[in-house]
Amino acid sequence: MIPKTRKEKSKESGKTFQTPKGMHDVLPGDQPYWDRIERVVRDLAEFYNFARIRTPILEFAELFQRTAGEETDIVRKEMYVFKTKGGDVVTLRPEGTAAVARAYLEHSLGRMSQPQRLFYIEPMFRYENPQAGRYRQHSQAGFEVLGGSNDPIYDAQIITMFQRLLETLRIKNTNLKINSIGCRVCRPLYRRQLQTYYKTHEKDLCSDCVGRLKQNPLRLLDCKEDSCGRLKERVPNVLDKLCSTCSEHFKTVLEYLDELQLPYTLDNQLVRGLDYYNRTVFEISVEGKGSEVGALPGGGRYDYLMELLGGHLTPAVGGACGVDRLVAVMKAQEIKIGERLSQRVFVAHAGELAKKKCLKLVEELRKANIGASEALARESLKAQLKAADRDGAPIALILGQKEIYEDGVIIRDLRSGLQETVPLHRIIDEVRKRLRDKNVVEVTPIHD
Ligand SMILES: [Zn+2]
Ligand SMILES: [Zn+2]
């Protein structure tokens, strides 16, 4: 009987499956981008002494309602909230910072050395309309500095790390935007001034903004509607309204960035989408190719977040970057992932007995921490060597009847085609030596 194709089968069952809207598969072809990004994030974390934290995907919905703000789009429209069988109201985590802050308090990390420098790479969930590089499930890489003092050097360090992340990934045309949104002392004054300004233009505001005007006028600066956008041009400048402490803090952050020669743009309309930020807020986006994905890293200072969660006032600053967005930008900018010269050897066999021995040889290589690939299911040696070519391994080990009889292995240089037979007990040393001679090392330095 002729086997049925997938199409025919699905016709019979009447259904094929696809990912739910906004969810996506990362196929093997995209994996090198993900590997590279995750490696750079880990290398940066190690260099700047950040330790990894993993928090659960499910949290109580209230955690984000209380911290992000009831009025924010995240809480109003974008959270996946549901009731468990036990009656808990939980949500798929929409962002990482509140979860990290919750963990900091729950495990009394404030009693350990301060500040705590933490990082994560985790999936987040937002029920929003999928666009380029934006998915309902997406991964974010975040760096957070919690506790200690509110020294502006930490703000500068966080921004620098994200800038280095983009540089190391060779992402071009980046634009760092930075602003200060003040503190408890000066922000209420600015809010009142914003309210006064917008009230005189209330008839031009979108209905959402009319609602926000009373509760949280800062959010009006985030509105994407054209009519509201036009009003932003003459909005009072927050930097003129900062109290002297906030002003000094912001000035020092900028001085550190100057010292590091990081170019930035002051953007007095940048407020970020979450309520818990104070003082420094920043975003880095790209111009030209890749700009359609929007902000890459973004973040800021959030000194009041721990208080919102029932803890003490705890200085903190951090940010996060969408990994899916980075991948989209790297593709848009046609950034090649550095050809990874393979550390691998290819193991091939000729004959049934040799096949068994090869299986064992592969395991010995693995134990010796040498990467090995094979196509042992292919019977013909020719087909296997073809696979070796595609694989890109520089060396092949070949076992045939004659070699088994002589207790040897053929070691073949796949670039030059030269080969010799080496005694089996010496093969690991010989492979090591040859890989070293070929100078086969990963060529992905992080500070390039
Ligand atoms: Zn202030
Ligand atoms: Zn609006």
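Everything below is about the structure shown above.
Fair warning: this is a prediction, and the values are worked out from it, not measured in the lab. (Residues numbered from 1 in each chain as written. Chains lettered and ligands numbered in written order. Predicted model: local features only at pLDDT ≥ 70, side-chain atom pairs only at ≥ 80, totals over all residues. Heavy atoms only, no water.)

S.K.: Would you mind going over helix α5 (residues 97-106) with me for this structure?
M.R.: Residue pairs spaced three or four apart in an α-helix point in one direction, given the helix's 3.6 residues per turn. Extensive coverage of α5 is indicated by the burial of eight of its 10 residues. Buried positions along α5 lie against β2 (58-60), α3 (61-68), β5 (116-125), β6 (137-146) and α11 (305-308). Ser 108 sits one or two residues past α5 and shows a positive phi near 50 degrees. (Buried < 20%, exposed > 50% of the residue type's maximum accessible area, 1.4 Å probe, protein only. Helix = DSSP H or I, 4+ residues; strand = E, 2+ residues; numbered from the N terminus. Contact = heavy atoms within 4.5 Å.)

S.K.: Quick question: what am I supposed to make of the coordination of the zinc ion (ligand 2) here?
M.R.: For a metal with four donors in a tetrahedral arrangement, the ideal angle between donors is 109.5 degrees, while six donors in an octahedron ideally sit at 90 or 180 degrees. Binding of the zinc ion (ligand 2) to the protein goes through Cys 206 (SG), Cys 209 (SG), Cys 223 (SG) and Cys 228 (SG), at separations of 2.2 to 2.3 Å. One chain supplies every donor to the zinc ion (ligand 2), and in sequence these donors are spaced C-x2-C-x13-C-x4-C. Neither Cys 223 nor Cys 228 differs from the other in exposure class; each is buried. (Donors = N, O, S within 2.8 Å, 3.2 Å for Na, K, Ca; no water.)

S.K.: In this structure, what is going on with the nonpolar core? I would like to understand it.
M.R.: A general trend in soluble globular proteins is that nonpolar side chains are found buried together. Core analysis: the biggest nonpolar cluster contains 53 residues, and Leu 146, Tyr 198 and Leu 205 have the highest contact counts within it. The greatest single-element share of this core, amounting to five residues, is contributed by α5. With sequence-adjacent residues up to four places away left out, Leu 205 is seen in contact with Tyr 198, Val 210, Leu 213, Leu 220, Cys 228 and Leu 231. In terms of nonpolar packing, the next biggest core, distinct from the first, is built from 44 residues, Tyr 33, Val 41, Leu 44 and Val 327 among them. (Core = buried A, V, L, I, M, F, W, Y, C linked by side-chain atoms within 4.5 Å.)

S.K.: Help me understand the sheet that holds strand β4 (residues 89-92) in this model?
M.R.: Each strand in a sheet pairs with another by means of backbone hydrogen bonds, the pair being arranged parallel or else antiparallel. Read from one edge to the other, the open sheet built from three strands follows the order β2-β4-β3, with strand pairing classed as antiparallel. Strands with a single pairing partner mark the edges of an open sheet, and in this sheet they are β2 and β3 (80-83). The sheet shows a mean angle of 35 degrees between the axes of neighbouring strands, direction not considered. Taken together, the four bridges between β3 and β4 define a ladder with antiparallel strand orientation. Looking at the pairing, Phe 82 lines up with Val 90 of β4. Contacts between α3 and the sheet are confined to β2, β3 and β4, with β2 contributing the most and set at about 65 degrees to the helix. (Pairing = 2+ DSSP bridges. Axes fitted to C-alpha atoms, helices over the stretch in contact; angles between N-to-C directions.)

S.K.: Where do I start with the coordination of the zinc ion (ligand 1) in this structure?
M.R.: Bound to the zinc ion (ligand 1) on the protein side are Cys 183 (SG), Cys 186 (SG), Cys 243 (SG) and Cys 246 (SG), at distances that span 2.2 to 2.3 Å. Here the zinc ion (ligand 1) is ringed by four donor atoms whose angles at the metal span 98 to 116 degrees, and the overall shape comes out tetrahedral. In the primary structure, the donors to the zinc ion (ligand 1) are separated according to the pattern C-x2-C-x56-C-x2-C. As far as the burial class goes, Cys 183 and Cys 186 line up, both buried. (Tetrahedral: all angles 85-135°; square planar, octahedral: opposite > 155°, others 65-115°.)

So yeah, pure geometry; function would need other evidence.
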